[in-house]
Amino acid sequence: MFLDIVTKAEAHLANELPFVIYRKPNETEVNAIFQNDATLRYVRDYSESGFVFAPFDTQKETVLIAASETLQAFDFDNCVTTTVQLPALKIHPQTKKHYLEKLKSAIGEIQKDHPKVVLSRRLEVSCTLSPFVLYKRLLAHYPTAFCYLWYHPKVGMWLGATPEILVQVENKQVMAMSLAGTQNKNTSELPVWGEKEIGEQALVTEYIAKALANSVVDLKISELESIPAGNLWHLRTKLSGTLQNTITDVIKALHPTPAVCGFPKEWAKNYIQDHEGYDREFYTGFLGELNLRLTKGRSSGQKNQEIGAYRSIKTVTRLYVNIRCMQLIDSKAFIYVGGGLTHDSIPELEWQETVAKSKTMLRILLDQN
């Protein structure tokens, strides 16, 4: 049962041992990976197996949680939640002023050869709730997102609900995603997109297609579509093909994408590090299953089984971009939000976009259920 996963994770946390709990988009199964020692392991060449957690900065190492034990629960269907009407978050005037100044400066730097940069900010909110309470709320609020709770005693604790795949590989079949453009989801009607959002989406799609060109054959690009993600709408394009090189080549070519960094990549990365004013750490990095032999439960009356009890059916890598996330430190929650800037960005609207994105995590902090 799901309670068994939580109980084991609570024991791991008390003993300062690494674990991750996660549920994939549009699925009901909740998975958990437990590492039975506190060793801080790093990925060498992506031939390893386990759960990876990579920072935004590609010069820093990717953490690997080894699968000493894996569990899967099928019974997280008893938690219902209501729509949370969030109170207006009190924002110090200087906070907004400082961010608007950064936005204006960045927009002034954007030129034809440097068409986009993504600037983010970090909110600090008091939080005394158990991380497991927060995670249950994530599962209830965001069934279409990749919802995770990740902990390593030598790194810290993060949780999030991301809608964005970096790359997925199943039996040599590759799928990547271009996700850009944001609007509030006020109604069920499809949004109307402006030139800024459509142009930004096209830039990201073109970048990913070129990044995959040397590693993937028979590349196919889907039609542009609007997708809901919590309280937001995004524009999405899927790219798929057959892997002919290693997953390492694909990851290095893709990360970080223009959706979370900018373009050209090196210029945007340097600009972010010089002007953003803080270390993103694992925000806009990536995380997920690496070379895991996945199984599918047999039809039986039991709702919870160890994954190892089933016959393996395929080896899968599924990596997600770490957006809509927060970091828990002591009695504080640090929420990370950002947006893509192009030459026609309007600072006030970009600020409002980060406010809208912050509600994904604020909702679970303020939910009273």
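Structure: see above.
Summary of the structure given here. No experiment lies behind these values; they were computed from the predicted model shown.

1. Comments concerning the pairing of strand β13 (residues 225–229)
Step number 1: Sheet analysis places β13 next to strand β14 (residues 232–243), joined by five bridges and oriented antiparallel. Pairing of Ile-227 across the sheet is with His-234, part of β14.
Step number 2: Between β13 and β14, which pair antiparallel one after the other, the connecting turn spans two residues, and Gly-230 there sits at a positive phi close to 65°.

2. What to know about the pattern of salt bridges
Step number 1: With the rule as written, the count across this model stands at 18 salt bridges.
Step number 2: Between Glu-348 and Lys-96 there is a salt bridge whose closest N-O contact spans 3.1 Å. Here the residue Glu-348 occupies a position in helix α7 (residues 347–366), and Lys-96 occupies one in helix α2 (residues 93–109), the gap between them amounting to 252 residues.
Step number 3: Judged by its relative accessible area of 33%, Glu-348 falls in the partly exposed class.
Step number 4: Taking relative accessible area as the criterion, Lys-96 reaches 26% and is therefore assigned partly exposed.
Step number 5: When the shortest N-O distance is used, the salt bridge between Lys-196 and Glu-200 registers 3.1 Å.

3. Examining the packing of aromatic side chains
Step number 1: Applying the stated criterion across every chain, the model contains 19 aromatic pairs.
Step number 2: Ring geometry for Trp-150 against Phe-282: centres 6.2 Å apart, planes inclined by 35°, an arrangement best described as tilted. Here Trp-150, found in strand β8 (residues 146–152), pairs with Phe-282, found in the loop between α6 (265–275) and β16 (286–295); they are 132 residues apart in sequence, far enough to count as distant.
Step number 3: By relative accessible area, which is 9% here, Phe-282 ends up buried.
Step number 4: A ring pair is formed by Tyr-278 and Tyr-336, whose centres lie 5.9 Å apart and whose planes are at 40°; its orientation type is tilted. Taken together, the residues span a long stretch of sequence, with Tyr-278 in the loop between α6 and β16 and Tyr-336 in strand β20 (residues 332–341) at a distance of 58 residues.
Step number 5: Relative accessible area serves as the criterion here: at 18%, Tyr-278 is assigned to the buried category.
Step number 6: Classification of Tyr-336 as buried rests on a relative accessible area of 1%.
Step number 7: Each residue in the set Tyr-22, Phe-51, Phe-53, Phe-146, Tyr-148, Trp-150, Trp-158, Tyr-278, Phe-282, Tyr-283, Tyr-320 and Tyr-336 is aromatic and connected to the rest through ring pairs, giving one cluster.

About the criteria used
- Residues numbered from 1 in each chain as written.
- Predicted model: local features only at pLDDT ≥ 70, side-chain atom pairs only at ≥ 80, totals over all residues.
- Heavy atoms only, no water.
- Pairing = 2+ DSSP bridges.
- Helix = DSSP H or I, 4+ residues; strand = E, 2+ residues; numbered from the N terminus.
- Salt bridge = Lys/Arg side-chain N within 4 Å of Asp/Glu carboxyl O.
- Buried < 20%, exposed > 50% of the residue type's maximum accessible area, 1.4 Å probe, protein only.
- Phe/Tyr/Trp six-rings, centres within 6.5 Å; stacked < 30°, edge-to-face > 60°.

Spatial relationships are all this shows, so hold off on functional conclusions.
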